[in-house]
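If you want the building blocks of each chain, they are given just below.
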Protein chains: 2
Amino acid sequence: MAGANAAVTDATRSAETLEWLADRARANRCSVTRIPFAEMDAWSFQPGTGNLVHDSGRFFAVEGIRVDDDNGPRATQPILNQPEIGILGLLTQKAGGVRRYLVQAKMEPGNVNTMQLAPTVQATRSNYMRVHGGRSTVYLEHFRGSGRGRPLVDVLQSEQGSWFLRKRNRNMVVETAGDVPDHEDFRWMTRDEIHELLSVDNLAGMDIRTVLSCLPAERPRTAPYDEFTEALRRSYDRAAPARCTPAEILSWFTEARSRCDWRVTSIPLRDVPSWTVGADEVAEEGGRRFRITGRRVVAERREVTSWAQPLLEPLSIGLAAFLARPIDGVLHVLVRARPQAGLPDLVEIGPTVQTQADEPDPADPLAAEARTENPGRVRFDTVLSEEGGRFFHARTRYRLIDVGRDFPLDVPPDHCWLTVRQLMDLVRHKHYLNVEARTLLACTHSL
Amino acid sequence: MAGANAAVTDATRSAETLEWLADRARANRCSVTRIPFAEMDAWSFQPGTGNLVHDSGRFFAVEGIRVDDDNGPRATQPILNQPEIGILGLLTQKAGGVRRYLVQAKMEPGNVNTMQLAPTVQATRSNYMRVHGGRSTVYLEHFRGSGRGRPLVDVLQSEQGSWFLRKRNRNMVVETAGDVPDHEDFRWMTRDEIHELLSVDNLAGMDIRTVLSCLPAERPRTAPYDEFTEALRRSYDRAAPARCTPAEILSWFTEARSRCDWRVTSIPLRDVPSWTVGADEVAEEGGRRFRITGRRVVAERREVTSWAQPLLEPLSIGLAAFLARPIDGVLHVLVRARPQAGLPDLVEIGPTVQTQADEPDPADPLAAEARTENPGRVRFDTVLSEEGGRFFHARTRYRLIDVGRDFPLDVPPDHCWLTVRQLMDLVRHKHYLNVEARTLLACTHSL
């Protein structure tokens, strides 16, 4: 019963991790207060454009975009513009035959519970160039410059295409052979330990999820025990039969990208129709998507101990779901190539269903499946937080739904059935999987 | 002596192909005349910006760009803006155990010799949506819609990053099982026959070279006969030892991309400093790079039989070279990750040396090697034409230089040694190899 013992050990370790996190939360106490824009030191609305910008011209700005297609104007919205490429880096080391990863307990002002699991390093370029004049980023030397470790993963990946304009970060997993000094806010964990914690609501932050998703996995976390988990296990096998060849998948993706005729243009925030800038929020008239608000943060143990910043505040909890079924005994997930105005190349591969709306979209026949409450079909179902450094209480319900082997294989042209191994082969390269699909891939490894 | 017989057959077939091309040139006679901008029907300088645009708002426009980096303004230049994704498609079929490709004899107004080898289909979106109101594109049905063949290659690739703003095309190789009617401007050729013709000056056009480069090859064209060609043959073998692992190559590329802090902004053509718009050219004061001129074209057998258009006219012949050497008996080529302002993501992998200048750059220690006249070192050396639909007499000297096994392996951080197989693995995905490196990869298959 090695499997059962391992599970007990994982559970014990999980409890310890949760205690450690609670302890770090007490030690790293911070306060986050909503303030009017006028009180946000170093931030102001730029004359002319009305864009909300930082005095340094760095970090990020709240601006507008307009989307046109071949038929004319299509949409406008405010968006966060952060053109710099940051680093999301996870340090790893093998000791006594066991590989572990250095996980951080990190406070972000927008987190619902303040403290979440983060990768070893999570730094914008402005951060690590120390534009803010604060302390240097701990462990950064393993990811940059001559002391850099051996890269296992190093790839640019996009972030939320409906909230960020062409934002991407460098997702890195780096192995070091040298001594790594301890730090009370950091903890070495095995991959299985981290994956076990992915099923705890609002615990593993977006940044550790995306980095983990880029790291190939040999198998899901638990041993197979039924038809679905047998098929899942085989879905990691490169030799298992797949519905599409790699050439067919790349062609399907290229076709979807070529079909999109959107053109995205930056416009002044003040020119975004039906959005108004008030004293303490940028909000859409009758809108149900998001608003922009200001916060003051006091956090004694951060690089900078006190600051103010705008945050994007979604008005509901999002939903991102993979529908999955065995095909010839191999689990395939249904993905959808969808355009999002803020993505660097507009089209990436996303979940089967991805929405910020409270209600299923009647135009999407798969939306109701994604919301099923049939417990036999729901294989993963956890509410997880999006980046708390830019978003306020942004949460998404991530679900993996077993639709069974009678589910129709014929799907609309922007959809495709992929094995887990095929997803892993794509995520090694930039800009194939969007951030929601990457989180779902990491969640799949947790099963 | 099957090899020698095959070579003789290839040479005979080459002679036939050249005759066929000459014949097609006679049948498709066309005239290209330089005209002042004022005589270019349907083209005009837009009030306000001074951009040179087509009345339909489609095809392409001559505009300006400004490049800034963290230290401020860096450069400005005119550039061709063609945001649409076109199709470069090569049709293939296996008959009697032999695979052949349907190659086109195509006239382009900017070609030095008018008629060159092109893929089966070469069409901008405006072309195949018939914005010009002309004839439909022959064989297009194999690449679009329900009658599409089986895709062997289907990938977005960028084009000249110093002349085009974010231009890319869909590079496709599609297999059809059905009947393909003959057409006098098209000819079925084996891959070896096409590769043999790559060493003829200005014969195989840019579009067929880029499509061919995306199609994996099992081996170079000729059998090994010396240390270099032995090492070349092994460089196609997936199992051969390589200097870098795939993870290291991706990390090197991501690092190079992250290092580039350029920001590219569109500006009005009239705001590009030191460039002036005259009656018949847009030219740089004392410039040695390129100018924009107008041409009238009369070509009875094209989709449209007569039109006028601007063309970008380089003022010298470019140079693009791979330096190559065996490492542990496996040929490696030295590539360089270089930013170019017009590339969709700024940085792609290019040749060791790539320049439009007449003289070697004294700051580049490899530039002199790339110009060697030692015949024992020069393995490939052909002047080939760039896209004649947009550029006038644009030619690049493509060279593969054998630098020998004593050449230093330590190279600057933006350089990397890759095997031919590793280049082929990268070119399956969008935006890794720039168009010059892709031509050199196709040339390598021709050796």
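For clarity, every value in this text was computed on a predicted model and none was experimentally measured.

### Section: the packing of helix H8 (residues 420-427) of chain A against helix H9 (residues 435-445) of chain A
Residues and elements named next belong to chain A.
Logical step 1: In the contact formed by H8 and H9, the axes pass within 11 Å of each other and the chain directions differ by 130 degrees. On the basis of the axis angle, H8 is oblique to H9. The two elements H8 and H9 cross, and the hand of that crossing is left-handed. On H9, the residues that touch Val420, Leu423, Met424 and Val427 of H8 are Arg438, Leu441, Thr444 and His445.
Logical step 2: Grouping the amino acids of the contact of H8 with H9 by side-chain chemistry returns five nonpolar, two polar and one charged.

### Observations regarding the environment of Asp425 of chain B
All names here are of chain B.
Logical step 1: By secondary structure assignment, the location of Asp425 is in helix H8 (residues 420-427).
Logical step 2: Of the residues examined, Asp425 reaches a relative accessible area of 27% and is grouped as partly exposed.
Logical step 3: Counting along the chain gives 110 residues from Asp425 to Leu315, while the straight-line C-alpha distance between them is 35 Å.

### What about the packing of helix H4 (residues 206-213) of chain B against helix H9 (residues 435-445) of chain B?
Residues and elements named next belong to chain B.
Logical step 1: At a minimum axis separation of 8 Å, H4 and H9 run at an interaxial angle of 75 degrees. Relative to H9, H4 is oriented roughly perpendicular. Residues Met206, Arg209, Thr210 and Ser213 of H4 pack against Val435, Arg438, Thr439, Leu441 and Ala442 of H9.
Logical step 2: Looking at side-chain class alone, the contact of H4 with H9 contains four nonpolar, three polar and two charged residues.

### Examining the pairing of strand S25 (residues 415-419) of chain B
Residue and element names in this part refer to chain B.
Logical step 1: The buried count for S25 comes to five of five residues, which makes it a mostly enclosed element.
Logical step 2: Taking every second residue as pointing to the same face, both faces of S25 are buried, with His415, Trp417 and Thr419 on one and Cys416 and Leu418 on the other.
Logical step 3: Looking at chain direction, strand S20 (residues 330-339) and S25 are connected through five bridges and run antiparallel. The partner of Val335 across the bridge, within S25, is Cys416.

### Thoughts on the pairing of strand S21 (residues 347-350) of chain A
All names here are of chain A.
Logical step 1: In S21, alternate side chains face the same way, and those of Val347 and Ile349 on one face and Glu348 and Gly350 on the other are all buried.
Logical step 2: Across four bridges, the pairing between strand S20 (residues 330-339) and S21 is antiparallel. Note that in S21 the partner of Arg338 across the bridge is Glu348.

### Overview of unusual backbone geometry
Logical step 1: Here the phi dihedral of His393 of chain A falls at roughly 50 degrees; this positive angle occurs in a residue that is not glycine.
Logical step 2: Among the structural elements, His393 of chain A can be located in the loop between strand S23 (378-385) and strand S24 (395-402).
Logical step 3: Relative accessible area serves as the criterion here: at 29%, His393 of chain A is assigned to the partly exposed category.
Logical step 4: Positive phi, close to 75 degrees, is recorded for Ala42 of chain B, a residue that is not glycine.
Logical step 5: Locating Ala42 of chain B in the fold gives a position in the loop between strand S1 (30-35) and strand S2 (43-45).

### Quick look at the relation of the copies chain B and chain A
Logical step 1: Rotating chain B by 180 degrees and moving it 0.0 Å along the rotation axis overlays it on chain A with an RMSD of 0.0 Å. Taken together, the rotation and translation describe the operation of a two-fold axis. For chain B, the residue whose C-alpha comes nearest the rotation axis is His429 of chain B, separated from it by 4.1 Å.
Logical step 2: Here 100% of the interface residues in chain B have copies in chain A that are interface residues too; the copies meet face to matching face.

### Some thoughts on the state of the cysteines
Logical step 1: Under the definition given, this model contains zero disulfides over all chains.
Logical step 2: Looking at the unpaired Cys260 of chain A, the closest cysteine sulfur is the one in Cys416 of chain A, lying at 18 Å.

Rules and cut-offs
Residues numbered from 1 in each chain as written. Chains lettered and ligands numbered in written order. Predicted model: local features only at pLDDT ≥ 70, side-chain atom pairs only at ≥ 80, totals over all residues. Heavy atoms only, no water. Axes fitted to C-alpha atoms, helices over the stretch in contact; angles between N-to-C directions. Helix = DSSP H or I, 4+ residues; strand = E, 2+ residues; numbered from the N terminus. Parallel < 35°, antiparallel > 145°, perpendicular 65-115°, else oblique. Left-handed = near helix turned anticlockwise from the far one by under 90°. Contact = heavy atoms within 4.5 Å. Nonpolar A, V, L, I, M, F, W, Y, C, P; charged D, E, K, R; others polar. Buried < 20%, exposed > 50% of the residue type's maximum accessible area, 1.4 Å probe, protein only. Pairing = 2+ DSSP bridges. Least-squares fit on C-alpha atoms with pLDDT ≥ 70 in both. Disulfide = S-S within 2.5 Å.

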